[in-house]
Amino acid sequence: MLPLLRKAKRMSCLLSQTLLPCSAANSVCNFKPTHSLIAPPHLLLPRLLGLRPKIEFWGSVRGMATKMDSIQQNPEAISYLNQKEAAEIDEILMGPLGFSVDQLMELAGLSVAAAIAEVYRPSEYSRVLTICGPGNNGGDGLVAARHLYHFGYKPFICYPKRTAKPLYDGLVTQLESLSVPFLSLEDLPKDLSDSFDILVDAMFGFSFHGSPRPPFDDLIQRLVALKINGDTHQKSPAIISIDIPSGWHVEEGDLSGEGIKPDMLVSLTAPKLCAKRFSGSHHFLGGRFVPPSIRNKFNLQLPAYPGTSMCVRIGKPPKIDISSLRENYISPALLEEEVVADPFDQFQKWFDDAMAAGLKEPNAMALSTTGKDGKPSSRIVLLKGFDKDGFVWYTNYEGRKGQQIAENPHAALLFYWDDLNRQVRIEGPVQKVSDEESEQYFHSRPRGSQIGAIVSQQSTVVPGRHVLLVEYKQLEAKYSDGSVIPKPKYWGGYRLKPEMFEFWQGQKSRLHDRLCYIPETVDGKTAWRIERLAP
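Residues numbered from 1 in each chain as written. Predicted model: local features only at pLDDT ≥ 70, side-chain atom pairs only at ≥ 80, totals over all residues. Heavy atoms only, no water.

**Re the sheet that holds strand S9 (residues 282–286)**
Moving on, step 1. Reading across the sheet, the seven strands line up as S5-S4-S6-S7-S8-S9-S10 and stay open at both edges, with mixed pairing between neighbours. Edge positions in the sheet fall to strand S5 (154–158) and strand S10 (311–313), since each has one partner strand and no second. Geometrically, the sheet is characterised by an average inter-axis angle of 20° between neighbouring strands, direction not taken into account.
Moving on, step 2. Bridge analysis of strand S7 (residues 238–242) against strand S8 (residues 264–268) gives three bridges, and the strand direction is parallel. Across the sheet, Ser241 pairs through a bridge with Leu265, a residue of S8.
Moving on, step 3. On the sheet, helix H3 (residues 101–119) packs against strand S6 (198–202), S7, S8, S9 and S10 and is oriented at approximately 150° with respect to S8. (Pairing = 2+ DSSP bridges. Helix = DSSP H or I, 4+ residues; strand = E, 2+ residues; numbered from the N terminus. Axes fitted to C-alpha atoms, helices over the stretch in contact; angles between N-to-C directions. Contact = heavy atoms within 4.5 Å.)

This is the structure in structure tokens:
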């Protein structure tokens, strides 16, 4: 069995009756001094009152540093910078270390955009107003707006005091070439919540001191008022601050208690001291490019970044009301007159779409089986071939699914392609493929996978992982001469011959499209009848 991976690192949780995919985002963020974070959303397993279900956890985590969990779970273990230290680090980056202002600004803006995209999907939060100040923080906001445009958002810019330098002129030109609207103060609607879903606070960074002057004092108060009056609106815009909330003291935070209350803070390089007083839901950090020399000089303790990501979430993820989680799908309609008459051809079409979209493991499918006791079991396996004769996968015949198929040779498959808002259900009888097919596929696998199939007595209890590793190394040494590794008799393929297909396309307001293919005999020949099912 293999895990279903999603944009980055993925873990799969197998419940006896329910499959819960646990995903960890894997995005590219950077920062000016840099920031961005991507925190793998954690799925909570609810307690089932009065029930003690059998739960199996199956997962794969690669390249995760051992220090990351302790630091992420304890924000106090992270280093926070005062204003002097932050300025000194910038000077070192742009001096001896050779970074230019535009490089750091590009990394910063990309970090902000990636952090926003991790939490706020464009299908729900498309309209983004970025309020830019005259300094580097404003430049970060301009870069972020450009990336958000390419991420599928609809950015708008309010840039009341433009900086007359080639770097900033170039950023404005880039946005204008994308037809991103620049709004004057007079163009801004009185109530920002009526026109925007996200407000990016890119007015002042850590180098700002004193009291905000016009027009930024009024703009800050308009952001403050949104949170005070937010209960009068159906949905108040999310406020995202870059590095520090504008108007806050870089070290002491919101001195008056009446400043901006952002929903998200994107810290750069390392969080500033004021971030300890941040109480919003999402705190991201970016700055993976910071070299060891700076880490050592300032004794920086920062969380490890997962995999190849430039982003990491600081602290525990926010508590989520599971009942409030929902996605309003936006997809083309799935119409009877537009689908292919043969469901195998329709599946091929959708599978090709999933491949073209660059989805990770589009051949991953949930396989559900039941034994003679009638208790269902689901797990993720990989499709290894399909044609008009059926859908093929390979596994251990003596594992739980093999035992259940022996007792009840019927199963169900489920493909779920999240980024396309599509799923396909297939049901039908199951039988083993020929020994020749299993033999041929077995020897097409990497030698390590062949050895793994011999080592694993699937679903049996083992005293520890070390037992598997010892046997694996023994077999690895035995076949190190390149000799043929014999296929175990208990390992091979199954083929499900479909008796039903259902193609599902997510739509708005839960009015999803569901087209079901049912075989029927017409003039002695088998044909497929297409029926629309209520969502």
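**As for unusual backbone geometry**
Moving on, step 1. The amide bond that connects Pro214 to the next residue, Pro215, takes the cis arrangement and shows omega of 5°.
Moving on, step 2. Considering the arrangement of structural elements, one finds Pro215 in the loop between S6 and helix H6 (216–228).
Moving on, step 3. One non-glycine residue, Asn299, lies in the positive phi region at around 50°.
Moving on, step 4. You can call Asn299 exposed: its relative accessible area is 55%.
Moving on, step 5. Phi at Ser509 takes a positive value of approximately 55°, unusual for a residue other than glycine. (Buried < 20%, exposed > 50% of the residue type's maximum accessible area, 1.4 Å probe, protein only.)

**So, a nonpolar patch on the surface**
Moving on, step 1. A contiguous nonpolar patch, built from Ile320, Ile322 and Leu325 and spanning about 290 Å² of accessible area, is present on the exposed surface.
Moving on, step 2. Here Ile322 is to be found in the loop between S10 and helix H8 (343–356).
Moving on, step 3. For Ile322, a relative accessible area of 48% gives the class partly exposed. (Patch = residues over 30% accessible without salt bridge, like charges linked within 9 Å, V, L, I, M, F, W, Y side chains within 5 Å. Areas by Shrake-Rupley, 256 points an atom, 1.4 Å probe, with all protein chains shown as cover. Salt bridge = Lys/Arg side-chain N within 4 Å of Asp/Glu carboxyl O.)

**So, the packing of helix H11 (residues 447–455) against helix H12 (residues 465–478)**
Moving on, step 1. Contact pair H11 / H12: the axes reach a minimum separation of 10 Å and the direction vectors enclose 125°. The angle between H11 and H12 falls in the class oblique. Pair H11 / H12 crosses with right-handed handedness. Facing Gly448, Ile451, Gly452, Ile454 and Val455 of H11, the residues of H12 in contact are Leu468, Glu471, Tyr472, Leu475 and Glu476. (Parallel < 35°, antiparallel > 145°, perpendicular 65-115°, else oblique. Left-handed = near helix turned anticlockwise from the far one by under 90°.)

**Considerations on the pattern of salt bridges**
Moving on, step 1. Using the criterion set out here, one finds 17 salt bridges in the structure.
Moving on, step 2. Here Arg146 ties to Glu106 by a salt bridge, and the two come within 2.8 Å at their closest N and O atoms. Of this pair, Arg146 sits in helix H4 (residues 136–150) while Glu106 sits in helix H3, and the two are 40 residues apart along the sequence.
Moving on, step 3. Two residues, Lys388 and Asp342, come together in a salt bridge whose shortest N-O distance is 3.4 Å. Highlighted residues: Lys388 in the loop between strand S13 (385–387) and strand S14 (390–396) and Asp342 in the loop between S10 and H8, separated in sequence by 46 residues.
Moving on, step 4. Note on Lys388: relative accessible area 44%, which makes it partly exposed.
Moving on, step 5. Connected through shared salt-bridge partners, Arg425, Glu427, Glu502 and Arg514 make up one network.

**Here we look at the confidence of the model for the chain**
Moving on, step 1. Per-residue confidence for the chain gives a mean pLDDT of 86, with 84% of residues at or over 70.
Moving on, step 2. Per-residue pLDDT stays below 50 along residues 1–51; that stretch engages in 198 contacts with residues further than four places along the chain or on separate chains.
Moving on, step 3. Every residue in residues 61–68 scores below 50 in pLDDT, and together they form 10 contacts with partners more than four places removed in sequence or on other chains. (pLDDT = per-residue confidence, 0-100.)

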